[in-house]
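# A look at the structure
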Amino acid sequence: MPSNDSSERTTQTQSALAGYPNLAFHEEKVLIVVKTYPHPSTKYKEIVCTAGVTEQGKWIRLYPIDYRYLEHAKWYKKYQWVNVTIEKNQEDFRVDSYRPDTQSIKTLGDPIDTRRNWEARKNLILPTITFNSLEEIQDAYKSSSVSLGIFKPKIIEDFVMEADSENWSASHTKVLNQLVLFGDQPKELHKVPYKFSYVYRCNDKRCTKSHKQAIFDWEIFMLYQNLKDQYHYSMDVVLQKMKDKWLGQMWQPSKDSYLIVGTQFPNPTFIVLGVFWPPK
């Protein structure tokens, strides 16, 4: 619970006026929109950063969550509403970061299915678009510690795939191999030996050179692993099919596509958390 400190009460008032959830411990309804690939953590076994939209149309981050160690009934999917008890993460200065009580997570109904109803997703996501460029989101980060946003880039110039280490670092490997006396034993976590990035330009006069941003969406890493299994390690085929989807399909002229971006605490550099790509 927040303290009675006057500065904290002021922060709470400002947060309420801005439309963000209350800082105190309370239940919130959130539409899950993006989640990152699991990352080993010495404190939480592993961490999945999740972001979504509240009923008031504010983007918030739920962090930390050890997603794969939750009860299966709590395994929320993208574009699924959940009820979760949250409070402001006082160790995280970002205005949109909240600490969830993971045991309180309750999924509400089925995910919004695009095969039947893209409009339902659009009606929820499009009204949250308040930025026109990455530069505007960076301005909000500097002035108000806003660290999540969605916007339409002027042009996606490339989808970059670069070789990365095939193994986790020594410290991460230790976490993944550490047996425990109580609780869940560590689960296998595959290290994807590639880094994926977008290169793009913004609709902003300050965007004088292309941005290159890493993609951390869980979906891109799962697509790699599924394609690798399907095509028996024919990497030329795997990588081409990844590019076909993440560049060709998601950004084809018939799509009304947007980037969802956020920062990793405490690093101020923005990364791509996902793509919203409904039909026009």
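A brief report on the enclosed structure follows. Everything numeric in this text was worked out from a predicted model, so none of it was measured. (Residues numbered from 1 in each chain as written. Predicted model: local features only at pLDDT ≥ 70, side-chain atom pairs only at ≥ 80, totals over all residues. Heavy atoms only, no water.)

### Details of the overall build of the protein chain
Cut-off, in case you're wondering: Every helix listed is a DSSP run of H or I at least four residues long, and every strand listed is a run of E at least two residues long, numbered separately from the N terminus. In this scheme, a residue with accessible area under 20% of its type's maximum is buried, one over 50% is exposed, and one in between is partly exposed, where area comes from a 1.4 Å probe on protein chains only. Residue contacts follow a heavy-atom distance rule, with two residues in contact if any of their heavy atoms lie within 4.5 Å. For the accessible areas, the method is Shrake-Rupley and the probe is 1.4 Å, while residue cover comes only from the protein chains on display.
Regarding its fold elements, the protein chain presents six helices and 14 strands. Each of the 280 residues in the protein chain was classed as buried or not, and the buried ones make up 50%. In the protein chain, the proportion of contacts linking residues at least 24 apart, taken out of those at least 6 apart, comes to 65%. Surface summary for the protein chain: the accessible area is close to 14,500 Å², and the carbon and sulfur share equals 50%.

### Observations concerning the pattern of salt bridges
Note the cut-off: Between Lys or Arg on one side and Asp or Glu on the other, a salt bridge is scored when a side-chain nitrogen of the former is within 4 Å of a carboxyl oxygen of the latter.
Applying the stated criterion across every chain yields a total of 14 salt bridges. Salt-bridge contacts for R68 lead to E46; the nearest nitrogen and oxygen are separated by 2.8 Å. Taken as a pair, R68 in the loop between strand 5 (59-62) and strand 6 (81-88) and E46 in strand 3 (residues 45-47) lie far apart in primary sequence, 22 residues in all. Each of the two residues, R68 as well as E46, counts as buried. Notably, a salt bridge pairs D158 with K243, separated by 3.5 Å at the nearest N-O pair. Here D158, found in strand 10 (residues 155-163), pairs with K243, found in helix 6 (residues 235-249); they are 85 residues apart in sequence, far enough to count as distant. The exposure class of K243 is partly exposed, given its relative accessible area of 27%.

### Here's the deal with helix 2 (residues 114-125)
The cut-off we apply is this: Expected helix span is taken as 1.5 Å per residue step, with the number of steps being one fewer than the number of residues.
Its 12 residues place the ends of helix 2 only 13 Å apart at the C-alpha level, less than the 16 Å of an ideal helix rising 1.5 Å per residue. Listed as buried for helix 2 are W118, A120, R121, K122 and I125. Considering only its buried residues, helix 2 is in contact with strand 1 (26-35), strand 4 (50-54), strand 5, strand 9 (148-151) and strand 14 (267-276).

### Observations regarding the layout of surface pockets
Note the cut-off: Here a cavity denotes a set of grid points, spaced 1 Å apart and computed over the protein atoms alone, in which a 1.4 Å probe fits but from which it cannot get out, and a pocket denotes an open set meeting protein on both sides within 12 Å along at least five of seven lines; residues with an atom within 4 Å of a point are reported as lining. Grid points are joined across faces, edges and corners, and a volume is the space filled by probe spheres set on the points. Each residue is assigned to one of three groups, with Ala, Val, Leu, Ile, Met, Phe, Trp, Tyr, Cys and Pro labelled nonpolar, Asp, Glu, Lys and Arg labelled charged, and all others, Gly among them, labelled polar.
Quantified by volume, the largest pocket comes out at close to 810 Å³. Secondary-structure elements contributing two or more residues to the lining of the largest pocket are strand 2 (39-41), strand 11 (194-201), strand 13 (258-264) and strand 14. Of the residues assigned to the lining of the largest pocket, the class counts are 19 nonpolar, eight polar and nine charged. In this structure, the second largest pocket occupies an estimated 240 Å³ of space. Lining of the second largest pocket is provided by 13 residues; of these, K35, K77, K78, P111 and E219 occupy positions nearest its centre.

### Some words on the packing of aromatic side chains
Convention followed: Between 30 and 60 degrees the pair is tilted, below 30 it is stacked and above 60 it is edge-to-face, where a pair is any two Phe, Tyr or Trp rings, Trp via its six-membered ring, whose centres lie within 6.5 Å.
Throughout the structure, instances matching the rule amount to 19 aromatic pairs. Here Y37 and W218 contribute two aromatic rings whose centre-to-centre distance is 6.3 Å and whose plane-to-plane angle is 90°, an arrangement assigned as edge-to-face. On the criterion of sequence distance, the pair formed by Y37 in the loop between strand 1 and strand 2 and W218 in helix 5 (residues 218-230) is long-range, its members being 181 residues apart. With respect to burial, Y37 and W218 carry one shared label: buried.

### Thoughts on the state of the cysteines
Here is the rule we go by: Cysteine sulfur atoms that pair up within 2.5 Å are treated as a disulfide.
Counted according to the given criterion, the structure contains zero disulfides. With no disulfide of its own, C207 lies 4.3 Å from the sulfur of C202, the closest cysteine sulfur.

### Quick word on the packing of helix 5 against helix 6
Defined as follows: What counts as an axis is a line fitted to C-alpha atoms, over the stretch in contact for a helix, and the angles between N-to-C directions run from 0 to 180 degrees. Crossing handedness follows the turn of the near helix against the far one: under a right angle anticlockwise gives a left-handed crossing, and clockwise gives a right-handed one.
Interaxial distance between helix 5 and helix 6 falls to 9 Å at its minimum, and their mutual angle equals 145°. Seen from above, helix 5 lies across helix 6 with right-handed handedness. Taken together, the residues of helix 6 that come into contact with helix 5 (itself represented by E219, I220, L223, Y224, L227 and K228) are M235, V238, K241, M242, K245 and W246. In terms of residue class, the contact of helix 5 with helix 6 is built from eight nonpolar, no polar and four charged.

### Brief notes about the sheet that holds strand 14
For clarity, the threshold we go by: A pair of strands counts as paired when DSSP detects no fewer than two bridges linking them.
If you trace the three strands from one edge of the open sheet to the other, you get 9-13-14, paired in antiparallel fashion. Either end of the sheet is taken by a strand with one partner, and the two such strands are strand 9 and strand 14. Between one strand axis and the next, the sheet turns through 25° on average, direction left out of account. Its contacts with the sheet put helix 3 (residues 134-144) on strand 9, strand 13 and strand 14, and the angle it makes with strand 14 is roughly 135°.

### A closer look at the nonpolar core
Keep this limit in mind: Nine residue types can take part in a nonpolar core, namely buried Ala, Val, Leu, Ile, Met, Phe, Trp, Tyr and Cys, and a core is a set of them joined through side-chain atoms within 4.5 Å.
Counting residues in each nonpolar core, the largest one holds 54 residues, and the members touching the most others are F151, F196, Y198, M242, W246 and L259. Non-local contacts of M242, meaning those with residues more than four positions away in its chain, are made with F159, M161, F196, I220, L223, Y224 and L227.

### Notes on the sheet that holds strand 12 (residues 211-214)
One open sheet accounts for three strands, arranged 10-11-12; its pairing is antiparallel. Looking at strand neighbours, the two that pair on one side only are strand 10 and strand 12, the edges of this open sheet. The sheet shows a mean angle of 25° between the axes of neighbouring strands, direction not considered. Sheet strands touched by helix 5: strand 10 and strand 11. Its angle to strand 11, the strand with the most contacts, is close to 130°.

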